[in-house]
Each structure stands twice: as structure tokens, then as C-alpha cells.
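In case you want the letters, here they are:
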Amino acid sequence: MNNVCKPSSERLQVNTTSFQKKTRSKLISIPGTRPSVQNGQLLVSTGVTSLDYLLGGGLAVGTVLLIEEDRYDSYSRMILKYFLAEGVVCRHELFVATAQESPDDILQELPAPILDDVAVAKPVEQPRLSGEPQDSLDAMKIAWRYQNLPKVQSALASSSRFGHYYDVSKTMEEEIRQAATFHRFYLPDHVTPSSEAHRVESYSALLKSLQEVIQREGFDLATPMSKSRNILRVGLHSLGSALWGDDLCCHDKPSNSHALTTFLYGLRALLRSSLSVAVVTLPSHLIQDRALMGSITRLCDNAIALESFKGSERETNPLYKDYHGLLYVRQVPHLNCLASQLPDHKDLAFKLKRKQFSIERLHLPPDLSETVSRVSRGELAGVASACGSSASGNKNLDF
């Protein structure tokens, strides 16, 4: 009672404490990124909305995504081009490394972005009825093939759109590509494939070139921030193949099996201390040593595998007429947490529509749930057809 009767200035002195309200540290704001709702990690989009959903909202900056190639390297190459195209649209810098073809060949095949004024229709204004709700009128303004996109974003606990959409039937305009900054690594320009140490030199030259770009362009977090920050997107095509001078795909017991694993170890350490994110494709179906393949997977943060129906008996099977292959989530990252956020579904398929690449979820009978889970973990082989043939329906993750 005595305290209440005192003037306000005296009451403030009495109630003053040393406790202060805890405030969140300010996150780095970079175009084309957003913080994860799960662990606060800075994320970028892969360019494929459904793949972002499977990976927990997108690719975390400083991590590596491993894509186990399909047998003809058709769809893994397409996901890589989606990843690079998203970087061009977001004004991120790109680092592209190849061994067989020039990096410019991949850059010229990037899909064309679907702009907002194309994705959203502009209907003629109609007189509004007094009893018609506003929600139904707003829904009519969206093109029919994009009506389900907000449902995917709501599953990520975000109402704002993340990433862009692309038309694979068209290539990106040259004016858009020229606005981006590219860093190229073409193996024949750096290493002569005549020496016995070609496989070691190729990965060493690649890691050195990437390190120089990160330090020179200011992506290293240790350097003082003299200008606005940006993201470096790294695309490494078909590592581990004979084109890189590696014998992982040629022998059951390769003579220098640690060359690729050493490179991946250095790559992940380099990305951890920089504003960079990498996508690596690998012909895992040619690697006979499964223990070595397991080590390669563990050295990456994210890992998915693509199994194409092309060239197999399932290509003509009517049960698979709506799909072009199966997708398995091998590994998800453990970032700022004790346990990773596993996807709530593991029976996945993909298809290439006329204009877009999409990933879909299959609804399997309960008795096949455990089998599909073991297939996705790589414990079983050759049972994917049995699982897929029993599929009773599907649900699109993006359109």
C-alpha cells in the first residue's frame, strides 16, 4: 500500500531489476533466402517446390545435397538445372563444375522461369453479387493449374511463397542469364588426363578453384563484410565417374577409393564456413562397393536417390503409366538439433509433365508401409516394383 501511494518516479526505482528481455539475434537478410521454422538455419530453394518440402523447407546454407543419378542421368541433371536456375532468378552467384561437357552447355539449358504475370491470370472484371463471398472471387483470379500451390506452402508453416516455378519446355532467355555471375570449372582446362594421379589432381584442383572463388568474392564468413552478402550456389556434375579420372565405377576394389571421400570432407568443411550451398550428382548405380557408397552418403548432409523407369520393364507396365521413376530420401541433415526432422512419407515417385518436373506421394496399403521404409533406407533392393504396383492412389506435392 505504501508503494502505491508513492509518486510514479519513485515506484520505477523500486521495481527496477537487472533482468532484461531476451531478444533474438538479427539474421542475415539475403534475397532468395529465409530462416528455417525448425532450427533457424538459413535456407535456399532447390527450385523444385516439392523437393524443398521433403528437405524441411529448402537447402540449408553451408550444406551439401547428394543426388544419386538415374541410369541415364536425365532427371538428376534436370534437378541440378532447377537448382542453378533458381540461383539465376534470385541473383545468386553460380559455380558449375563438369568433366565431360562445358559448363556453358548446362547453363544454356536452364529452364525458363514462370513469371508472376504469367502464372496469375487477369480475368475481366465481373459485377460482384451481393451474396457471393470474397474468397471465391479471389480464387477465380488464380490460374487453375496453380491453385494447389498454397497448400504446399501451408504445410511448411509459411504463407509466403518460397522459390519460383519453371517451364522445362523452354530455355531461359539470354538476357536473364547474362544478369547472373557464373564461375566455371571445366576439368580438361585444369588437369591433363595422362598422369596416374589424375583422379587425385582433379579433385584437388576443383577444391582449390572453389576455395579461391569463395575467398575472392567475399563468401567466406571470416572476411569483413564490406558489401552486401550473397549466396554462392555450387553445382558439381557426375562426381565419381570415369570422366573425373576416378575408378570407383570401373572396379570392385578401386585403387584410390579415398580420393572422392577426401574431397567431400574438404568440401563440407569449406561450405560450413561460407555462404555457399552445393548440389552434387553421383552415378551410384555404377559403384559396386556399397560400404564406400555409405561413406559418401554420410559425408553429405542431404541425400536422395532417383530410380528411373526408362529402359526397364516397368516403363511399359500400366501400373506405372503415370510416373517416370521413384525417389528415395536417403539422408536429411542434423543441424542445430539432436534429431533430424524426418519426412512423414517415404513412398515417393516423380514425373516429368509437359512443362514441369513434379514429385508425388503414393498411398500404399498398410501392410507395405514397412517394406517401403526399408527400401528408402537402402536395406532392400528389387522390391520397389512390388511396392509401387500396389499403389492405390497419389497426392501431388506440386503442380
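- The protein has the name Elongator complex protein 4 in an unreviewed UniProt entry, where Cyprinodon variegatus is given as its organism.
- The UniProt entry for the protein carries the following comment under Pathway (unreviewed entry): "tRNA modification; 5-methoxycarbonylmethyl-2-thiouridine-tRNA biosynthesis."

1. Notes on helix α11 (residues 258-272)
- For α11, built from 15 residues, the straight-helix expectation of 21 Å at 1.5 Å per residue is met to within 8% by its first-to-last C-alpha distance of 21 Å.
- Looking at α11, one finds that the buried residues are A259, L260, T261, F263, L264, L267, L270 and L271.

2. A short note on the nonpolar core
- Residues L59, L84, L327, F357 and I359 are the most contacted members of the largest nonpolar core, which totals 43 residues.
- Sorting elements by how many residues they give to this core places helix α4 (residues 75-89) first, with 9 residues.
- Judged by nonpolar contacts, the second largest core, of 39 residues, contains L210, L236, L270 and L299.

3. So, the pairing of strand β4 (residues 64-68)
- With 5 of 5 residues buried, β4 lies mostly within the body of the structure.
- Residues V64, L66 and E68 line one face of β4 and the alternating positions L65 and I67 line the opposite face, and both faces are buried.
- Sheet topology note: the β4/strand β10 (residues 276-282) ladder contains 5 bridges and is parallel. When the bridges of β10 are listed, V64 appears paired with A278.

4. Let's talk about the pattern of salt bridges
- Evaluation of the coordinates by the stated rule reveals 10 salt bridges.
- Across the salt bridge formed by R77 and E101, the nearest N and O atoms sit 2.3 Å from each other. Of this pair, R77 sits in helix α4 while E101 sits in the loop between β5 (93-98) and α5 (103-107), placing them 24 residues apart in sequence. You'll find R77 and E101 in the same group, each marked buried.
- We note a salt bridge from D104 to R184, for which the minimum N-O separation is 2.3 Å. In this pair, D104 sits in helix α5 while R184 sits in strand β8 (residues 182-186), placing the two residues 80 residues apart along the sequence.
- A relative accessible area of 43% places R184 in the partly exposed class.
- Residues participating in the shared-partner salt-bridge network are R77, K81, E101 and E109.

5. Digging into the sheet that holds strand β1 (residues 33-35)
- On the basis of which strands lie adjacent, the open sheet formed by 3 strands has the order β1-β2-β3 and antiparallel pairing. Two strands close off the open sheet at either side, each with one partner strand: β1 and β3 (59-60).
- Where strand β2 (residues 42-44) meets β3, 2 bridges bridge the pair, whose relative direction is antiparallel. Across the sheet, residue V44 finds its bridge partner in β3, namely L59.

Parameters and conventions
Residues numbered from 1 in each chain as written. Predicted model: local features only at pLDDT ≥ 70, side-chain atom pairs only at ≥ 80, totals over all residues. Heavy atoms only, no water. UniProt positions renumbered as here; feature names shortened; annotations may be inferred. Helix = DSSP H or I, 4+ residues; strand = E, 2+ residues; numbered from the N terminus. Expected span 1.5 Å × (residues − 1). Buried < 20%, exposed > 50% of the residue type's maximum accessible area, 1.4 Å probe, protein only. Core = buried A, V, L, I, M, F, W, Y, C linked by side-chain atoms within 4.5 Å. Pairing = 2+ DSSP bridges. Salt bridge = Lys/Arg side-chain N within 4 Å of Asp/Glu carboxyl O.

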